[in-house]
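# Structural overview for review
Spelled out from the first residue to the last, the chains are:
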Amino acid sequence: GKIKGKGEINVGGKKMISGAFELSYDEGKFGGKIDHLHVDIETKYFTVKPGASIDIDAGDFTVGATFKIPNIVDDGGIDLKGNVKTGAFEAKAEFNLAPEALKEVKVNVEVASGGNLKIKASLEGTKTFKLPAGGELTIGEGSNIEYANGTLSGHPKCSAKLGTIMAGTFDFSINGGS
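Right, let's walk through the structure included here.

This brings us to the sheet that holds strand S16 (residues 166–171). Strand order in the open sheet formed by 4 strands is S11-S12-S15-S16, and the pairing between neighbours is antiparallel. Pairing within the sheet leaves two strands with one partner each, and these edge strands are strand S11 (127–131) and S16. The mean angle between the axes of side-by-side strands here comes to 15°, regardless of whether they run parallel or antiparallel. Looking at chain direction, strand S12 (residues 135–139) and strand S15 (residues 157–162) are connected through 5 bridges and run antiparallel. Each bridged residue has a counterpart across the sheet, and for Leu137 the counterpart in S15 is Ala160.

Moving on, we get to the pairing of strand S2 (residues 14–26). Pairing analysis gives 10 bridges linking strand S1 (residues 2–11) to S2, with the strands arranged antiparallel. Considered in S2, the bridge of Lys2 is made with Ser24. As judged from the 9 bridges shared by S2 and strand S3 (residues 29–39), these two strands associate in the antiparallel manner. By the bridge assignment, Tyr25 is partnered in S3 with Phe30.

The phi torsion at Glu27 lies on the positive side, around 45°, for a residue other than glycine. Assignment of secondary structure puts Glu27 in the loop between S2 and S3. Glu27 gets classed as exposed once you look at its relative accessible area, which sits at 85%.

Rules and cut-offs
Residues numbered from 1 in each chain as written. Predicted model: local features only at pLDDT ≥ 70, side-chain atom pairs only at ≥ 80, totals over all residues. Heavy atoms only, no water. Pairing = 2+ DSSP bridges. Helix = DSSP H or I, 4+ residues; strand = E, 2+ residues; numbered from the N terminus. Axes fitted to C-alpha atoms, helices over the stretch in contact; angles between N-to-C directions. Buried < 20%, exposed > 50% of the residue type's maximum accessible area, 1.4 Å probe, protein only.

Below, the structure written as structure tokens:
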């Protein structure tokens, strides 16, 4: 037989989890789906995104969260999906760095089954760093660097100057190994 509907779990008079479900029990086998989950556990550091789901029959799950870490990360998000039966797993995170010197840097991190790792940092604006002796290093908008499966790649666009003595630009690509 099957049963379906909507439900919620309350703790201390406060709704903590709500969503829809469809559960079944056939020939000694329990199955079903729980979806449109809304987890009302929120702190000043993270919030679970609405829409998490679990498919008991297939073993699939999805869940996401937004997060921030004061003075380190602004506007972060992470999405997880996988399958508890096959062991497949994927996590994707995207966040902006909070320290003033790194304010324009966006970081993407992906991890998948088998240990595949990808990290990409990109600059969403132009950033100038003051150096000793009146020097400046400017990294241009769109500059990026990526590490994926043992390979480093990227495209930094920079300029530098040392007071009025010298100035120059360099725009290069990185396509190398680990």
